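Residues per chain are reported as follows:
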Amino acid sequence: MGKIIAFSNQKGGVGKTTTCVNMSAYLASKGKKVLIVDLDPQGNATTGLGFSKSEIKNSLYQVMIDEMPVEDAVIKTQIDNLDILPSSIDLAGAEVELVYMKDREHVLKRVLDKARASYDFITIDCPPSLALLTINALSAADTAIIPIQSEYYAMEGLSQLMNTIKLVVKHLNSDLKIEGVVLTMSDNRAVISRQISDEIKKFFGKRVYDTVIPRNIRLAEAPSHGVPIMLHDTKCAGARAYNALTDEFLSKQK
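Presented here is a report on the structure given in the accompanying data block. Keep in mind that this is a model prediction, so the values were computed, not measured. Residue numbers run consecutively from 1 along every chain, following the written order of its sequence. In keeping with the model being predicted, local features are shown solely for residues with a pLDDT of at least 70 and side-chain atom pairs are shown and tallied solely at 80 or more, while totals for entire chains, interfaces and linings include all residues. To get the side-chain values, take all heavy atoms of the structure and skip hydrogens and water.

1. Some details on the sheet that holds strand 1 (residues 3-7)
- At least two DSSP bridges between two strands are needed for those strands to be called paired. Working definition: helices are DSSP H or I runs of at least four residues, strands are E runs of at least two. Numbering for both runs from the N terminus. If you walk across this open sheet you meet the 7 strands as 3-4-2-5-1-6-7, and the pairing is mixed. Edge positions in the sheet fall to strand 3 (75-76) and strand 7 (177-184), since each has one partner strand and no second.
- Bridge analysis of strand 1 against strand 5 (residues 121-125) gives 5 bridges, and the strand direction is parallel. Residue pairing across strands places Lys 3 opposite Phe 121, the latter belonging to strand 5.
- Running over the sheet, helix 9 (residues 191-204) touches strand 6 (143-149) and strand 7 and is turned about 175° from strand 7. Contact between two residues is taken to exist if any of their heavy atoms lie within 4.5 Å; hydrogens are not considered. Note on geometry: axes are C-alpha line fits, over the in-contact stretch for helices, and angles between N-to-C directions span 0 to 180 degrees.

Okay, structure coming up:
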């Protein structure tokens, strides 16, 4: 049975999609069968793997709203063992349509539970909000990975995210755990970056990964080429960091 992991932070621009896509790619390169679920209507994980949202016929929208079988919407990527359940422009309307559905918080869970047997890991790239799509992701997931930018505003909204996770655990998914916290876009030369890192480690303790993702131009370029960093520049600092983070993640799996 595959493990479902939600990559979540309601603050945009923290490296959430970058972390989801690149960890998923490295997991696949290490022999794990992985499905990325692009739950963000912006579709950055979809375009970051080389697919145009406007050309996608079947997407997560059809699976969640029209009850299309998952396998009919899944697309194979250029990386062996890595599939994606893509986003499309229709997904922006799903939030509204879900409101009127029965047991609306568990629609994604019902979808992904059917796909668990086919994958080792299912990773969900959540929207940068705490609205109904993200609640669906947290209700479906076994664990959550929280990417946090090593900057001054990083701690803002963190208590809101933690409160949402507590509410989901209390009312919707009692098994949800925090898998880990990833420090992203770090600049060790900046004093503020080190101070924020220390604050986050105080808050989350051992759940913070030792591997820190640095600011890296090559990492920022990769999505515009429609590839994860391992296919863009495997030797750059960003690629080495995500490879190491994936190894650290795997070492903590039971």
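2. A few points about a negative patch on the surface
- Among the surface-exposed residues, Asp 66, Glu 67, Asp 90 and Glu 97 lie close enough to one another that they form a single negatively charged patch.
- Its place among the elements puts Glu 97 in helix 5 (residues 91-99). Residues forming no salt bridge and having over 30% relative accessible area are the ones grouped into patches, like charges within 9 Å of each other and nonpolar side chains (Val, Leu, Ile, Met, Phe, Trp, Tyr) within 5 Å. Method for areas: the Shrake-Rupley scheme with a 1.4 Å probe, in which residue coverage is limited to the protein chains shown. What counts as a salt bridge is simple: a side-chain nitrogen of Lys or Arg found within 4 Å of a carboxyl oxygen of Asp or Glu. The convention is simple: Lys and Arg are positive, Asp and Glu are negative, and His and the chain ends are not counted. To locate a charge, the coordinates of NZ of Lys, CZ of Arg, CG of Asp or CD of Glu are taken.

3. Focus: the environment of Ala 25
- Among the structural elements, Ala 25 can be located in helix 1 (residues 16-29).
- Separated by 14 residues in the primary sequence, Ala 25 and Leu 39 place their C-alpha atoms 17 Å from one another.
- Those residues in contact with Ala 25 that lie beyond four places of it in its chain are Ile 79, Leu 82, Pro 228 and Met 230.

4. A word on the nonpolar core
- Judged by nonpolar contacts, the single largest core of 50 residues is most densely connected at Met 64, Leu 108, Leu 112, Ile 124, Ile 146 and Phe 204.
- The element contributing the most residues to this core is helix 7 (residues 132-140), with 6 residues.
- Apart from the residues lying within four places of it in its own chain, the contact partners of Ile 146 are Ser 8, Asn 9, Leu 161, Met 162, Ile 165, Ile 178, Gly 180, Val 181, Val 182 and Phe 204. What makes a nonpolar core is a set of buried Ala, Val, Leu, Ile, Met, Phe, Trp, Tyr and Cys residues whose side-chain atoms join them at distances within 4.5 Å. Each residue gets one of three labels from its accessible area relative to the maximum for its type: buried under 20%, exposed over 50%, partly exposed in between, using a 1.4 Å probe on protein chains only.

5. A closer look at the packing of helix 7 against helix 8 (residues 158-171)
- Put simply, helix 7 and helix 8 touch, their axes get as near as 10 Å, and they point 55° apart. For the element pair helix 7 / helix 8, the angle class is oblique. Judged by the twist between their axes, the crossing of helix 7 over helix 8 is right-handed. Facing helix 7, whose interface residues are Ile 135, Leu 138 and Ser 139, helix 8 presents Thr 164, Ile 165 and Val 168. Put simply, angles under 35 degrees are roughly parallel, angles over 145 are roughly antiparallel, angles from 65 to 115 are roughly perpendicular, and the rest are oblique. For a crossing to be left-handed, the near helix must be turned anticlockwise from the far one by less than a right angle; the clockwise case is right-handed.

6. What about the packing of aromatic side chains?
- Stacked, edge-to-face and tilted are the three classes for Phe, Tyr and Trp ring pairs, Trp counted by its six-membered ring, which pair at centre distances within 6.5 Å; planes under 30 degrees apart are stacked, over 60 edge-to-face, the rest tilted. A complete count under the given rule lists 2 aromatic pairs for this structure.
- For the ring pair Phe 203 and Phe 204, a centre distance of 4.8 Å and an interplane angle of 65° mean the geometry is edge-to-face.
- Residue Phe 203 is classed as partly exposed on the basis of its relative accessible area, which comes to 43%.

7. Comments concerning helix 8
- Each helix should span, by expectation, one fewer than its residue count multiplied by 1.5 Å. When the terminal C-alpha atoms of helix 8 are compared, their 20 Å separation across 14 residues agrees well with the 20 Å that a helix rising 1.5 Å per residue should span.
- Turning to helix 8, its buried residues number three or more, namely Leu 158, Leu 161, Met 162, Thr 164, Ile 165 and Val 168. Viewed along the axis of helix 8, the buried residues span an arc of 155°, placing them on a single side of the element. Exposed and facing more than 90 degrees away from the buried side of helix 8 are Ser 159, Lys 166, Lys 170 and His 171.
- For helix 8, the elements touching its buried residues are helix 7, strand 6, strand 7 and helix 9. The arc in question is the one spanned by the directions pointing from the helix axis to the C-beta atoms.

8. Observations concerning a nonpolar patch on the surface
- Taken together, the side chains of Val 96, Val 99 and Tyr 100 make up a nonpolar region of the molecular surface, amounting to roughly 350 Å² of accessible area.
- Structurally, Tyr 100 is set in the loop between helix 5 and helix 6 (107-113).

9. Looking at the side chain of Arg 116
- Examined against the element boundaries, Arg 116 turns out to sit in the loop between helix 6 and strand 5.
- Here Asp 113 takes part through its side chain, which lies 3.1 Å from a polar atom of the side chain of Arg 116.
- Setting aside anything within four residues of it in sequence, one finds Arg 116 in contact with Met 1, Gly 2, Lys 3, Ile 4, Ile 122, Ala 140 and Asp 142. What qualifies as a polar contact is a pair of N or O atoms within 3.5 Å, subject to a donor-acceptor requirement within protein and to the restriction that residues adjacent in sequence count only when both atoms come from side chains.

Remember, this is a structural readout, not a statement about activity or role.
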